[in-house]
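Residue strings, one per chain:
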Amino acid sequence: MLSLSPGPTAIERHAEVADFAQMWRISNDIWDLWIGNSDFPIGIKNQFENAARWAQYTKPGNWPDADMLPVGELRPYPDVGPGPRHTRLTPAEQQTQLSLWAVARSPLIIGDNLSLLDQDTLRLLCNTDILKIDQTATTSRQVLHEGDLVIWTADLPGNQRALAAFNLGEKAITFARPLSDFVSAGQYDIKNVWTGAHLPAGVRVSTTLEPHASVVLMLDKK
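Residues numbered from 1 in each chain as written. Predicted model: local features only at pLDDT ≥ 70, side-chain atom pairs only at ≥ 80, totals over all residues. Heavy atoms only, no water.

*Asks:* Run through the sheet that holds strand β10 (residues 188–192), naming residues and quoting values.
*Replies:* Judged by pairing direction, the sheet is antiparallel, and its 6 strands sit side by side in the order β6-β7-β8-β13-β10-β11 without closing on themselves. Looking at strand neighbours, the two that pair on one side only are β6 (139–146) and β11 (198–202), the edges of this open sheet. Strand-to-strand twist in this sheet, taken as the mean axis angle between neighbours without regard to direction, amounts to 20°. Sheet analysis places strand β7 (residues 149–156) next to strand β8 (residues 160–167), joined by 8 bridges and oriented antiparallel. Considered in β8, the bridge of A154 is made with A162. (Pairing = 2+ DSSP bridges. Helix = DSSP H or I, 4+ residues; strand = E, 2+ residues; numbered from the N terminus. Axes fitted to C-alpha atoms, helices over the stretch in contact; angles between N-to-C directions.)

*Asks:* Provide a residue-level description of the packing of helix α3 (residues 91–103) against helix α5 (residues 128–136), including the pertinent values.
*Replies:* The contact between α3 and α5 brings their axes to 7 Å, and the two run at 30°. The angle between α3 and α5 falls in the class roughly parallel. Taken together, the residues of α5 that come into contact with α3 (itself represented by L98, S99, W101, A102 and V103) are I130, I133 and D134. Residue classes in the contact of α3 with α5 are distributed as 6 nonpolar, 1 polar and 1 charged. (Parallel < 35°, antiparallel > 145°, perpendicular 65-115°, else oblique. Contact = heavy atoms within 4.5 Å. Nonpolar A, V, L, I, M, F, W, Y, C, P; charged D, E, K, R; others polar.)

*Asks:* Break down the packing of helix α2 (residues 47–54) against α3 for me, with residues and values.
*Replies:* Running from N to C, α2 and α3 cross one another at 10°; their axes reach a closest spacing of 11 Å. Here α3 runs roughly parallel to α2, going by the angle between their axes. Every residue of α3 that contacts α2 at Q47, F48 and A51 is listed here: T96, L100 and W101. Of the residues assigned to the contact of α2 with α3, the class counts are 4 nonpolar, 2 polar and no charged.

*Asks:* Account for the pattern of salt bridges, naming residues and giving values.
*Replies:* Taken as a whole and judged by the stated rule, the model has 11 salt bridges. The salt bridge involving D32 is made with R88; its shortest N-O contact spans 3.0 Å. One end of the pair, D32, is in the loop between β2 (23–25) and α2; the other, R88, is in the loop between β5 (85–86) and α3, and 56 residues separate them in sequence. Residue classification places D32 among the buried positions, given a relative accessible area of 1%. Residue class for R88 comes out partly exposed when judged on its relative accessible area of 37%. A salt bridge links E146 to R177; the shortest N-O distance between them is 2.6 Å. Here the residue E146 occupies a position in strand β6, and R177 occupies one in strand β9 (residues 173–178), the gap between them amounting to 31 residues. Owing to a relative accessible area of 19%, R177 belongs among the buried residues under this scheme. Each of R25, D29 and D67 takes part in one network of salt bridges that share partners. (Salt bridge = Lys/Arg side-chain N within 4 Å of Asp/Glu carboxyl O. Buried < 20%, exposed > 50% of the residue type's maximum accessible area, 1.4 Å probe, protein only.)

*Asks:* Now, about the nonpolar core: what can you tell me, with residues and values included?
*Replies:* Residues L100, I133, W152 and F166 are the most contacted members of the largest nonpolar core, which totals 39 residues. Of all the elements in the fold, those that place two or more residues in this core are α2, α3, α4 (119–125), α5, β7, β8 and β13 (214–221). It is α3 that contributes the most residues to this core, 5 residues altogether. Once residues within four sequence positions are removed from consideration, F166 is found in contact with F48, T96, S99, L100, V103, D148, L149, V150, W152, L209, A213 and S214. (Core = buried A, V, L, I, M, F, W, Y, C linked by side-chain atoms within 4.5 Å.)

*Asks:* Give a detailed account of α5, specifying residues and quantitative values.
*Replies:* Spacing of three or four residues puts side chains on the same side of an α-helix, whose turn is 3.6 residues. Among the residues of α5, those classed as buried are D129, I130, I133 and D134. Seen end-on, α5 carries its buried residues on one side only, within an arc spanning 135°. Turned more than 90 degrees away from the buried face of α5 sit T128 and Q135, all of them exposed. The inward-facing, buried residues of α5 contact α3, β7, β8, β10 and β13. Residue N127 occupies the N-cap position of α5, its side-chain oxygen lying 3.1 Å from the main-chain nitrogen of D129. (Arc of directions from axis to C-beta. Polar contact = N/O pair within 3.5 Å; in protein donor to acceptor, adjacent residues only side chain to side chain.)

All quantities given are derived from atomic positions and should not be read as evidence of function.
Now the structure itself:
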């Protein structure tokens, strides 16, 4: 496997990098920031636009790489920011990063000290539904970007769908939409991937997202 890390790969070179490599970086380094104020490093919010632009070029053998997951203990020598530290990302921001990376089918490369994994970070990285979306989805795309609300969907084997909603802003967002706005019409069994809760079967999705938060739903068509 060849993984290229030229910083932000120029999207107009998508066919060239796909001919020669299986993975390539789509941005400068991600670090434990919600938003970066310069080209280096960038934060989680900055990566939404990059992931959406590259989604159409993701396919078996070609995986645009949204960079590492700076979660857990960043030690002993993080090369950006203050010295040895626990990630500066809030729990909601860490969950949002994992959710975006999974639904965008990015490689999941852990950027922390594996010998110091705490239980919260371990649960974050080992969520079986998140891993299933990342590893088995056949297509994925951003289907809505309306103000601070971003929604992605992904198609999985066995007639499953995943729907991920994100709040990129600084105020809570409440929304209620027909599922048919985002996936094929019908009634679905719905599971909240992060909580494990099974929601009443229905044809609508409704939720409130706190700032920087996300929800990922697994949808099984009835």
